[in-house]
Amino acid sequence: MEHLEQQMAELKTQLSAIEKKTAENKLSMIVFSGDMDKVLAAFVIATGAVAMGMDVVMFFTFWGTPILRDKGKKVGGKDTMGKMFGAMLPKGTGDVKLSKMNMGGMGTAMMKKLMKQKNVASLEQMLEMAEELGVRIFICEMSMDLMGFKREEMIDYQGISYCGVATFLEEAINSRIQLFI
Amino acid sequence: MEHLEQQMAELKTQLSAIEKKTAENKLSMIVFSGDMDKVLAAFVIATGAVAMGMDVVMFFTFWGTPILRDKGKKVGGKDTMGKMFGAMLPKGTGDVKLSKMNMGGMGTAMMKKLMKQKNVASLEQMLEMAEELGVRIFICEMSMDLMGFKREEMIDYQGISYCGVATFLEEAINSRIQLFI
Amino acid sequence: MEHLEQQMAELKTQLSAIEKKTAENKLSMIVFSGDMDKVLAAFVIATGAVAMGMDVVMFFTFWGTPILRDKGKKVGGKDTMGKMFGAMLPKGTGDVKLSKMNMGGMGTAMMKKLMKQKNVASLEQMLEMAEELGVRIFICEMSMDLMGFKREEMIDYQGISYCGVATFLEEAINSRIQLFI
């Protein structure tokens, strides 16, 4: 009996060690790209995953950052570099372009028209859906700093947070799926 | 004794809960890109993984979709947009270009020549190998719909299926490796 | 008693089967891109992960390969194709460009200046940090062969190794996080 009890205790220890190594029903995504097509793919995956019961985290970094700016918000007090980045990068999801076949904006306009025709949600609608479904959005602080963006000019989104790569990795390590987009 | 039996039953429950959270020996890949270099990387990884005994699923979406069209097949009855997309996008694996250094097609031609010289399989050969090895190919229905592609113009491939992101995610969640290419 | 012992033995077998399916505290990354912004992201993630106690493997392939050449090293005996690739591709981390807004080099120069201003480590410094922290670097032999690169022209880096996709996949399959950048 004692022998068995000891074995049982060992099994329990092993089991909890293994449990710590298993991931949660979660998808973590790095949205590095700011291209319309890739961001669209990111949101289709995110909303699809959350609809399947997964917890979803999107970490927007580099070119992905400017598209989370709010078109309607203006902030002052930027230095020259910050003003340049602010002016050159897309402002909000309505301002993004296709990575290929943009053709001076014509390709992007065509794609938007097609999406409407085929009942594919626009990026603006996807973002709203993501918020309703509880997709968490992280924005990379280093990218904000490099591009001179301020929190006051970013979109209002429930569950938005500003963080570094370590915070993202903590989520990613416990996720069953990780993607770099 | 009863005490031990109860503990044993608890351990079994825990064990099967953990088992549900572990992934299969499977690799799931999203092939979003239609660039020659990236698609080549995707097939090198896919065939390499299957040679190691892994189950492999490739989900072709967006720019990845047109390269699975069959050059020899023609379909009618497309609207203007569908005809435009059909004409502008690469038709089949033989028609793809490098993402960089394409130089009006010269770079791509050089790379193809080099691959032959160095005994690296061409995309056409990779696709054949993938089929023989049992790599499963999924094609994104939303992309087909957006680009106006019809099933009749896609390649013949054993184990091809048309589906949405949910079907892919179900595979991905049970895979040890997931990649977005 | 015997009954219990048998159950215990079965549990142990199940447990070790599950253990084989769990991944290690490791991050495996394919660095396919040679763009400054993406390579920067790759190193930020790599050094961040290793700082969190993870084991990190970076597998440089295709456009990622030339940036691991040593600017100071020269090798002879290349054929015409090898010389062309050698001349056209970036030589070392100091030679890379932004994937967007490069504007003839001006955008890249601006970004480098900004990174210095904001105390973001340069790629050269990141590479040094990665070496100190023990990030392992794999270089794809197929890419070396295609681009005509020789081992003698690559950087000195402790823990560098030259291998194929199979070696990478063996690491990736036992990793909790995998990314294709």
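What counts and how
Residues numbered from 1 in each chain as written. Chains lettered and ligands numbered in written order. Predicted model: local features only at pLDDT ≥ 70, side-chain atom pairs only at ≥ 80, totals over all residues. Heavy atoms only, no water. 1 Å grid on protein atoms, 1.4 Å probe; cavity = no way out; pocket = protein on both sides within 12 Å on 5 of 7 lines; lining within 4 Å. Points joined across faces, edges and corners; volume = space filled by probe spheres on them. Helix = DSSP H or I, 4+ residues; strand = E, 2+ residues; numbered from the N terminus. Nonpolar A, V, L, I, M, F, W, Y, C, P; charged D, E, K, R; others polar. Pairing = 2+ DSSP bridges. Axes fitted to C-alpha atoms, helices over the stretch in contact; angles between N-to-C directions. Contact = heavy atoms within 4.5 Å. Disulfide = S-S within 2.5 Å. Buried < 20%, exposed > 50% of the residue type's maximum accessible area, 1.4 Å probe, protein only. Right-handed = clockwise from strand over helix to strand, strands pointing away. Phe/Tyr/Trp six-rings, centres within 6.5 Å; stacked < 30°, edge-to-face > 60°. Buried area = accessible area lost by both parts, 1.4 Å probe. Salt bridge = Lys/Arg side-chain N within 4 Å of Asp/Glu carboxyl O. Polar contact = N/O pair within 3.5 Å; in protein donor to acceptor, adjacent residues only side chain to side chain. Parallel < 35°, antiparallel > 145°, perpendicular 65-115°, else oblique. Left-handed = near helix turned anticlockwise from the far one by under 90°.

Asks: Would you explain empty space enclosed by the protein in this entry?
Replies: In this approach, a probe sized like a water molecule rolls over the atoms, and the result shows the empty space that is left. If you walk through the whole model with that rule in mind, you get 3 cavities of 30 Å³ or more. Its boundaries defined by the atoms lining it, the largest cavity holds a volume of some 260 Å³. Lining the largest cavity we find 21 residues, and of these Ala23 of chain A, Ala23 of chain B together with Ala23, Ser175 and Arg176 of chain C sit closest to its centre. Breaking the lining of the largest cavity down by element, the ones donating at least two residues are strand 5 (175-180) of chain A, strand 5 (175-180) of chain B together with strand 5 (175-180) of chain C. Here the second largest cavity is characterised by a volume of approximately 80 Å³. Tallied by class, residues from the lining of the second largest cavity come to 6 nonpolar, no polar and 3 charged.

Asks: Just to check I follow, could you spell out the sheet that holds strand 3 (residues 136-140) of chain A for this structure?
Replies: Hydrogen bonding along the main chain pairs the strands of a sheet, whether they run parallel or antiparallel. All names here are of chain A. The parallel open sheet is built from 5 strands, whose spatial order is 4-3-2-1-5. The open sheet is flanked by strand 4 (160-163) and strand 5, the only strands paired with a single partner. Neighbour to neighbour, the strand axes of the sheet diverge by 20 degrees on average, direction disregarded. The pairing of strand 1 (residues 24-31) with strand 2 (residues 55-60) spans 6 bridges and is classified as parallel. Opposite Val31, over in strand 2, you have Phe60 as the bridge partner. Its contacts with the sheet put helix 7 (residues 165-173) on strand 1, strand 2, strand 3, strand 4 and strand 5, and the angle it makes with strand 1 is roughly 145 degrees.

Asks: Can you help me understand the state of the cysteines in this one?
Replies: What we call a disulfide is simply a covalent bond connecting the sulfur atoms of a pair of cysteines. Applying the stated rule across the entire model yields 0 disulfides over all chains. Looking at the unpaired Cys163 of chain A, the closest cysteine sulfur is the one in Cys140 of chain A, lying at 7.6 Å.

Asks: Please clarify how the pairing of strand 1 of chain A should be interpreted in this entry.
Replies: Both faces of the sheet carry side chains from a regular strand, because those side chains alternate between them. All names here are of chain A. Of all the 8 residues making up strand 1, 6 are buried; the element is thus mostly covered by neighbouring parts of the structure. As defined by bridge partners, strand 1 adjoins strand 5 across 5 bridges and the pair is classed as parallel. Within strand 5, the residue paired with Leu27 across the bridge is Ile177. Where the polypeptide runs from strand 1 across helix 2 (residues 36-51) and back to strand 2, its parallel neighbour, the crossover connection is right-handed.

Asks: Would you mind showing me how to read the packing of aromatic side chains here?
Replies: The description of an aromatic ring pair rests on the distance of the ring centres and on the angle between the ring planes. Tallied over the entire structure, the rule returns 15 aromatic pairs over all chains. Through a chain of ring-to-ring contacts, three or more aromatic side chains come together here, namely Phe32, Phe62, Trp63 and Phe180 of chain A.

Asks: In this structure, what is going on with the interface of chain B and chain C? I would like to understand it.
Replies: In many reports, interface size means the accessible area that the parts give up when they come together. Across the contact, 40 residues belong to chain B and 37 residues belong to chain C. Summed over both sides, the interface between chain B and chain C buries roughly 3,800 Å², with carbon and sulfur atoms accounting for 77% of that surface. Considering only the side of chain B, the residues that lose the most area to chain C are Met8, Leu15 and Arg176 of chain B, jointly responsible for 18% of the buried surface there. At the boundary of chain B and chain C, one finds 2 salt bridges.

Asks: I keep staring at the side chain of Thr22 of chain B and nothing clicks. Help me out?
Replies: The topology assignment puts Thr22 of chain B in the loop between helix 1 (2-21) and strand 1 (24-31). Within the structure, the side chain of Thr22 of chain B is placed 2.8 Å from the backbone oxygen of Glu19 of chain B, a separation counted as a polar contact. When residues no more than four places from it in sequence are discounted, the contact partners of Thr22 of chain B are Thr22 and Arg176 of chain A, Asn174 of chain B together with Ile18, Lys21 and Thr22 of chain C.

Asks: Got a minute to help me understand the packing of helix 1 of chain B against helix 1 (residues 2-21) of chain C in this structure?
Replies: Each packed pair of helices is defined by two parameters, the angle between the axes and the distance between the axes. Axis separation between helix 1 of chain B and helix 1 of chain C bottoms out at 11 Å; the angle between their running directions is 20 degrees. On the basis of their axis angle, the class for helix 1 of chain B and helix 1 of chain C is roughly parallel. Helix 1 of chain C is crossed by helix 1 of chain B, and the crossing has left-handed handedness. Of helix 1 of chain C, the residues touching helix 1 of chain B (which contributes Leu4, Glu5, Met8, Leu11, Lys12, Leu15, Ile18 and Glu19 of chain B) are His3, Leu4, Gln7, Met8, Leu11, Gln14, Leu15 and Ile18 of chain C. Classifying every residue of the contact of helix 1 of chain B with helix 1 of chain C by side-chain character gives 10 nonpolar, 3 polar and 3 charged.

Asks: Explanation requested: the pattern of salt bridges in the structure shown.
Replies: Pairs may arise between side chains of opposite charge once their charged atoms sit close together. Per the stated rule, a full pass over the model turns up 30 salt bridges over all chains. Among the ionic pairs, Arg151 of chain A bridges to Glu141 of chain A, the shortest N-O distance being 2.8 Å. Remark: Glu141 of chain A occurs in helix 6 (residues 141-147) and Arg151 of chain A occurs in the loop between helix 6 and strand 4; sequence separation between them is 10 residues. A salt bridge links Asp145 of chain A to Lys118 of chain C; the nearest nitrogen and oxygen atoms lie 3.8 Å apart. Taken together, the residues Asp145 of chain A in helix 6 and Lys118 of chain C in the loop between helix 4 (106-117) and helix 5 (123-133) connect one chain to another. In this structure, a network of salt bridges that share partners links the residues Glu24, Lys26, Asp55, Arg136 and Glu171 of chain A.

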